[in-house]
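# Architecture and fold: a report
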Amino acid sequence: MAKLWNAAQVELAKNGSRLTLARASRESGVPVATLSDWRRGNHVPREAEELLKVVRLLCAWAKQDPPVESRWRRLIDDPGSSATADVSHVPFASSIVALGDRLTSAFSAPHVEIDALCLNGQSLAAAMGNPIHAIHAGVVRPAKISVRVLLPSRDIALAFPCAVDANDSEDLVHQTWLGQRNAHAQSMTAMLRSLRSTHGIDVEVTYRALPITPMAKMYLINGTEALFSYYTIVRREAEINQRPMEVYDASAMGLVRLFGAGENGPDTAFVEQSQLWFNSMWETVSTEMVYTY
């Protein structure tokens, strides 16, 4: 969706026109918030006709051939296929889908260990629903789950997200991000800790705050895998407190790179060094995460 959106934006700009979420919403009938989530890869669309309305509109604006509808419908019919299918035929490569698959596999281990570095924890919280569902379905049952997450501190001036106009309610953008960070952290913590009472699983979930804005998101899984992607910064229109605002923010994650630490495999050094780097950040410059505004 991000690539198609950008192509449409370029073509419209040639005629002195602009592509905004509000315009796409007005002409497609799809809510602004939904369009924003699709564009950034935060979740996979559930209604095929809604999705196709937007895709047809963007293709027309981008002066591209009409979409091959079967490929877009496949995303909804079989969202997990995006993690393994030929990249050239997949319209979305959501971090939530890719991460959810790897987490579910990881939860087959007796002791699950997940370390994560990210901007607000949204993808991790959403993807964690996959293995939790697998536990309730009786597919997997680890004895212990240990999760450590590094997120930016509430007290720093974030490099992104931020308002394009420095005088344009910068604090409002920061408070919106902080609310999202806190909500995702508290939601995932509650879901995982509930497994103590329902399944007798030993669960440890810890969040700590960093004094920096992360330039990439990384997930380390059971010491054997690393899921990694840089954040690409884009200028976009956001609706905050029912007010449209231009912000600089991280774009959709796109295709993530999975590194696996097999027996002397080519990715082993990257996974091991990533784990050492995470541990060093955790043990030195990170601080206890504060949730209050």
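Residues numbered from 1 in each chain as written. Predicted model: local features only at pLDDT ≥ 70, side-chain atom pairs only at ≥ 80, totals over all residues. Heavy atoms only, no water.

### Let's talk about the overall build of the chain
Broken down by element type, the chain carries 10 helices and 10 strands. By the burial criterion, 48% of the 293 residues in the chain qualify as buried. (Helix = DSSP H or I, 4+ residues; strand = E, 2+ residues; numbered from the N terminus. Buried < 20%, exposed > 50% of the residue type's maximum accessible area, 1.4 Å probe, protein only.)

### Let's talk about the packing of aromatic side chains
One pass over the full model with this rule turns up five aromatic pairs. Look at Phe160 and Tyr231: their rings are 5.9 Å apart centre to centre, the planes differ by 65°, and that puts the pair in the edge-to-face class. One end of the pair, Phe160, is in the loop between strand S2 (144-152) and strand S3 (162-163); the other, Tyr231, is in the loop between strand S6 (225-230) and strand S7 (233-240), and 71 residues separate them in sequence. Judged by relative accessible area, Phe160 falls into the buried class, the value being 2%. Taking 5.0 Å as the distance between ring centres and 85° as the angle between the ring planes, the aromatic pair formed by Phe228 and Tyr230 counts as edge-to-face. (Phe/Tyr/Trp six-rings, centres within 6.5 Å; stacked < 30°, edge-to-face > 60°.)

### Details of the side chain of Thr213
Among the structural elements, Thr213 can be located in the loop between strand S4 (202-210) and strand S5 (216-221). Separated by 3.0 Å, the side chain of Thr213 and the backbone nitrogen of Ala159 make a polar contact. Once residues lying within four places of it in the same chain are set aside, the contact partners of Thr213 are Leu119, Ile156, Ala157, Leu158, Ala159 and Phe160. (Polar contact = N/O pair within 3.5 Å; in protein donor to acceptor, adjacent residues only side chain to side chain. Contact = heavy atoms within 4.5 Å.)

### A few points about the sheet that holds S4
A sheet is described by the order of its strands in space; here seven strands give the open sequence S9-S6-S5-S1-S2-S4-S10, paired in mixed fashion. Bordering the open sheet on either side are strand S9 (257-260) and strand S10 (287-288), each of which pairs with just one other strand. Pairing analysis gives four bridges linking S6 to S9, with the strands arranged antiparallel. Each bridged residue has a counterpart across the sheet, and for Glu225 the counterpart in S9 is Gly260. Helix H10 (residues 268-283) contacts strand S1 (111-117), S2, S4, S5, S6 and S9 of the sheet and is inclined by roughly 70° relative to S2. (Pairing = 2+ DSSP bridges. Axes fitted to C-alpha atoms, helices over the stretch in contact; angles between N-to-C directions.)

### Thoughts on the nonpolar core
Of all hydrophobic cores here, the largest spans 42 residues; its most connected members are Leu124, Ile145, Val149, Met188 and Leu192. Of all elements in the fold, only helix H6 (95-106), S1, helix H7 (122-127), helix H8 (129-136), S2, helix H9 (170-199), S4 and S5 reach the threshold of two or more residues within this core. The element that contributes the greatest number of residues to this core is H9, accounting for six residues. If we skip the residues at most four places from it in the chain, Leu124 touches Leu99, Leu103, Ala116, Val149, Met188 and Tyr219. Counting residues in each nonpolar core, the second largest holds 19 residues, with Ala24, Val32, Trp38 and Cys59 among its members. (Core = buried A, V, L, I, M, F, W, Y, C linked by side-chain atoms within 4.5 Å.)

### A closer look at the environment of Glu283
Note that Glu283 resides in helix H10. Among the residues examined, Glu283 registers a relative accessible area of 61% and is labelled exposed.

### Details of unusual backbone geometry
The residue after Phe160, namely Pro161, is reached through a cis peptide bond having omega 0°. Assignment of secondary structure puts Pro161 in the loop between S2 and S3. Unlike most non-glycine residues, Gln242 shows phi in positive territory, near 60°. With respect to the element layout, Gln242 can be found in the loop between S7 and strand S8 (243-250). On the accessibility criterion, Gln242 (74% relative accessible area) is exposed.

### Section: the confidence of the model for the chain
Summarising the model, the chain shows a mean pLDDT of 83, and 82% of its residues fall at 70 or more. For residues 79-93, every residue scores under 50 in pLDDT, and the model assigns this stretch 27 contacts once sequence neighbours within four places are set aside. (pLDDT = per-residue confidence, 0-100.)

### Things to note about the pairing of S8
By the bridge criterion, two bridges tie S3 to S8 in an arrangement that is antiparallel. Across the sheet, Cys162 pairs through a bridge with Tyr248, a residue of S8. Pairing between S7 and S8: eight bridges, direction antiparallel. Residue pairing in the sheet places Ile240 in a bridge with Arg243 of S8. Count of turn residues in the S7/S8 antiparallel hairpin: two residues, of which Asn241 carries a positive phi of about 55°.

### Some points on the pattern of salt bridges
For the coordinates displayed, the defined rule picks out 10 salt bridges. A salt bridge links Glu27 to Arg23, with the shortest nitrogen-to-oxygen separation between them at 3.4 Å. Here Glu27 pairs with Arg23, and both are found in helix H2 (residues 21-28), just four residues apart, close to one helical turn. Judged by relative accessible area, which is 18%, Arg23 ranks as buried. Ionic pairing is found between Glu225 and Arg102, a salt bridge with its closest N-O pair at 2.5 Å. Taken as a pair, Glu225 in strand S6 and Arg102 in helix H6 lie far apart in primary sequence, 123 residues in all. (Salt bridge = Lys/Arg side-chain N within 4 Å of Asp/Glu carboxyl O.)

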